[in-house]
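Overview (structure and organization)
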Amino acid sequence: MSPPKVLSFHLILMLSAFTGAADGYYHSSWAECIYSSPDLSDMVYIDNYIFNKDIVVQFNSTVGEYVGYTELGVKSARAWNSDGNILQQERAEVERFCKHNAQIRQSAITDKTVAPKVKLSSVKLASGGHPAVLMCSAYRFYPHGIKVTWLKDNTPVKSDVTSTEELPNGDWYYQIHSHLEYTPKSGEKISCMVDHAGLKKPLIVDWDPSLPESERNKIAIGASGLVLGVIIAAAGLIYYKKKSAGRILVPT
Ligand SMILES: *[C@@H]1O[C@H](CO)[C@@H](O)[C@H](O)[C@H]1NC(C)=O
């Protein structure tokens with residue numbers, strides 16, 4: 001054997017040793033509880049045995065017994081399925097493990113659901129060819145997972161919509177704000193539709209274009225200021241009149 005050949009032989013050995021160590025083997029076994037109905041009636045329990053990325057053997061509560069997916073898995077499934085104790089225990093897991101835990105989570109999360117409060121407001125009025133901007137805000141909802149949709153004459157609007165993330169308040173509640181850019185047309189109805197786990201059906205708020213609330217507020221503040229000013233001026237005038245009437249002028 002010439003020296004270079006020995007070297008290459010060793011190199012290959014080392015390479016395979018390294019790649020072997022890097023890849024390794026991975027065995028995992030884990031259970032899942034899958035359901036979507038709040039009354040847990042559609043609960044399915046899955047117990048997986050996985051080697052590297054392949055399922056070897058699996059118990060699916062709908063099937064009611066183990067199913068093998070590799071040669072070893074088929075053997076294991078046959079052995080476990082013929083053991084009444086193992087099967088009985090595994091079949092009971094839907095109730096003992098899945099429904100039990102789901103109920104605890106249900107009362108910790110689902111039953112604490114709080115529906116959002118929804119407000120529509122005007123951010124910008126249309127002017128000089130620029131579109132108007134409306135904001136739909138959903139406040140104080142729990143948990144996160146909300147859908148905010150803009151409607152034009154009851155048809156969902158896809159474009160010219162921007163939305164914030166669902167922002168955590170830090171007190172378990174969330175809020176979200178969605179903006180719509182639009183060019184007002186007379187007779188057109190703009191609405192904001194909000195759907196959330198806390199609502200029995202989607203909440204729809206129609207936009208009242210007659211006077212945006214911010215504008216109403218400005219007018220209300222302006223009017224209050226004017227009234228207050230008039231009252232103060234009148235009071236000042238009366239006070240001045242009374243003072244000057246009671247004053248006796250002393251000649252120098
Ligand atoms: C469990 O078994 C049922 C019935 O065969 C099947 O419809 C379902 O997809 C299975 N679930 C999983 C996660 O494999």
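Since the model is a prediction, treat every value here as computed from it, not as a measurement.

**Observations concerning the site of the ligand**
The immediate surroundings of the ligand are formed by I46, N60, T62 and V63. Interatomic distance of 2.3 Å between a side-chain N/O atom of N60 and an oxygen atom of the ligand. Out of a free accessible area of 360 Å², the ligand has 41% covered by protein chains. For the shell around the ligand, a count of residues per class yields two nonpolar, two polar and no charged.

**A word on the side chain of D47**
By the element assignment, D47 lies in strand β2 (residues 44–51). Once you skip the residues sitting within four places of it in the chain, D47 turns out to touch W30, A31, V57, Q58, F59, Y66 and E90.

**Regarding the pairing of strand β7 (residues 146–152)**
With seven bridges connecting them, β7 and strand β12 (residues 190–196) associate as antiparallel partners. Across the sheet, the residue bridging to I146 is H196, located in β12. Bridge count between β7 and strand β8 (residues 155–156): two bridges; the pairing is antiparallel. The residue bridging L151 from the neighbouring strand is P156, located in β8.

**A look at the confidence of the model for the chain**
On average, the chain scores 87 in pLDDT, and the residues at 70 or more come to 87%. In the model of the chain, helix α1 (residues 3–23) stands out as the element of lowest mean pLDDT, 42, in contrast to strand β4 (residues 65–68), which has the highest, 98. Counted against residues more than four places away or in other chains, residues 1–21, with its pLDDT under 50, gives one contact.

Calculation criteria
- Residues numbered from 1 in each chain as written.
- Predicted model: local features only at pLDDT ≥ 70, side-chain atom pairs only at ≥ 80, totals over all residues.
- Heavy atoms only, no water.
- Near = heavy atom within 4 Å.
- Polar contact = N/O pair within 3.5 Å; in protein donor to acceptor, adjacent residues only side chain to side chain.
- Areas by Shrake-Rupley, 256 points an atom, 1.4 Å probe, with all protein chains shown as cover.
- Nonpolar A, V, L, I, M, F, W, Y, C, P; charged D, E, K, R; others polar.
- Helix = DSSP H or I, 4+ residues; strand = E, 2+ residues; numbered from the N terminus.
- Contact = heavy atoms within 4.5 Å.
- Pairing = 2+ DSSP bridges.
- pLDDT = per-residue confidence, 0-100.

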